[in-house]
Amino acid sequence: MPEPWLTRRSTMAGIAGAAAAAVLPVPASARPLAPPTVCTHGTPSQTEGPLYRPSTPRRGDLREPDSAGEQLVLEGLVLTPGCRPLPGAMIDVWHCDENGRYDNRGFRYRGHDFTDAAGAFRFRTIRPGRYPDRTPHIHVKVQGRTTPLLTTQLYFPDLPYDNIGDSLYRDDLALRLERAGGIWLARFDFVLPTGRR
């Protein structure tokens, strides 16, 4: 059974969004994502942490007007272990600001969206900062229409000294990271086992 945050209404919105994505033109700034040739059995889960907030707004742009953080585009695919796309999957993202602070009253750097017909997602945000005992990271919840909920965290591979000091860091949850035109481009492909629990 889907988790409470994935309501019937939001699931139907994801299905409609995926159908619309199949007929809408791809923005010029969006690159089509080539699927991997081999997929894992499933993306590792990690703790949700104490700062998750449900009922985030649906939006692909998490940037704030007053942010001084470096711009980041987080994109990827949601796939089955057979590397098939999962359209209409919900992706819920949250992270701290550039100074390591979470917004626990509003939805600053928090939001969700749905994968398109190719299983792709894209968020525009900033690189989060560090705070005591944690390397910079992004929290994510992912769930398809017929998959269990995955809760995990994503890490930045260009911060080896911060990463080694974080007991939660995992190499297999590191983003593929590059810089282009003053913007960080980060990719991560999620693999979700299919079938309801």
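What counts, and where the lines are drawn
Residues numbered from 1 in each chain as written. Predicted model: local features only at pLDDT ≥ 70, side-chain atom pairs only at ≥ 80, totals over all residues. Heavy atoms only, no water. Helix = DSSP H or I, 4+ residues; strand = E, 2+ residues; numbered from the N terminus. Buried < 20%, exposed > 50% of the residue type's maximum accessible area, 1.4 Å probe, protein only. Contact = heavy atoms within 4.5 Å. Areas by Shrake-Rupley, 256 points an atom, 1.4 Å probe, with all protein chains shown as cover. Pairing = 2+ DSSP bridges. Axes fitted to C-alpha atoms, helices over the stretch in contact; angles between N-to-C directions. pLDDT = per-residue confidence, 0-100.

Q: Could you clarify how one ought to interpret the overall build of the protein in this entry?
A: Check the secondary structure of the protein and you find two helices and nine strands. Overall, the protein shows an N-to-C arrangement of helices and strands of α-β-β-β-β-β-β-α-β-β-β. Considering the protein as a whole, with its 197 residues, one finds that 47% of them fall into the buried category. Residue pairs in contact within the protein that sit at least 24 positions apart in sequence constitute 75% of those at least 6 positions apart. Of the roughly 10,100 Å² of accessible surface on the protein, 56% is carried by carbon and sulfur atoms.

Q: Any chance you could explain the environment of A174 here in plain terms?
A: Here A174 shows up in the loop between α2 (160–164) and β7 (176–180). C-alpha separation for the pair A174 and L154, spaced 20 residues apart in sequence, amounts to 5.8 Å. Leaving out residues up to four positions away in the same chain, A174 has contacts with Y155, P157, Y169 and F188.

Q: What exactly am I supposed to notice about the sheet that holds strand β2 (residues 90–94) here?
A: Two pairing modes exist for strands in a sheet, parallel and antiparallel, and in both the strands are linked by backbone hydrogen bonds. Pairing within the open sheet is antiparallel, and its four strands lie in the order β3-β2-β5-β6. Unpaired on one side and paired on the other, β3 (110–114) and β6 (150–155) mark the two borders of the sheet. For this sheet, the mean angle separating the axes of adjacent strands, direction not counted, is 20°. With five bridges joining them, β2 and β3 adopt antiparallel strand pairing. By the bridge assignment, V93 is partnered in β3 with G111.

Q: Explain the environment of F107 to me, please; I cannot follow it from the model alone.
A: Within the secondary structure, F107 is located in the loop between β2 and β3. For F107 and R53, which are 54 residues apart along the polypeptide, the C-alpha to C-alpha distance reads 8.2 Å. Discounting residues that sit within four places of it in the chain, F107 has contacts with R53, P54, S55, T56, P57, R59 and E64.

Q: Which parts of the structure should I look at to understand the confidence of the model for the protein?
A: Keep in mind that low pLDDT regions are not for reading the predicted coordinates in detail. In this model, the protein carries a mean pLDDT of 87, and residues with pLDDT of at least 70 account for 83%. Under a pLDDT of 50 for its full length, residues 11–29 has, in the predicted model, 17 contacts with residues more than four places off or in other chains.

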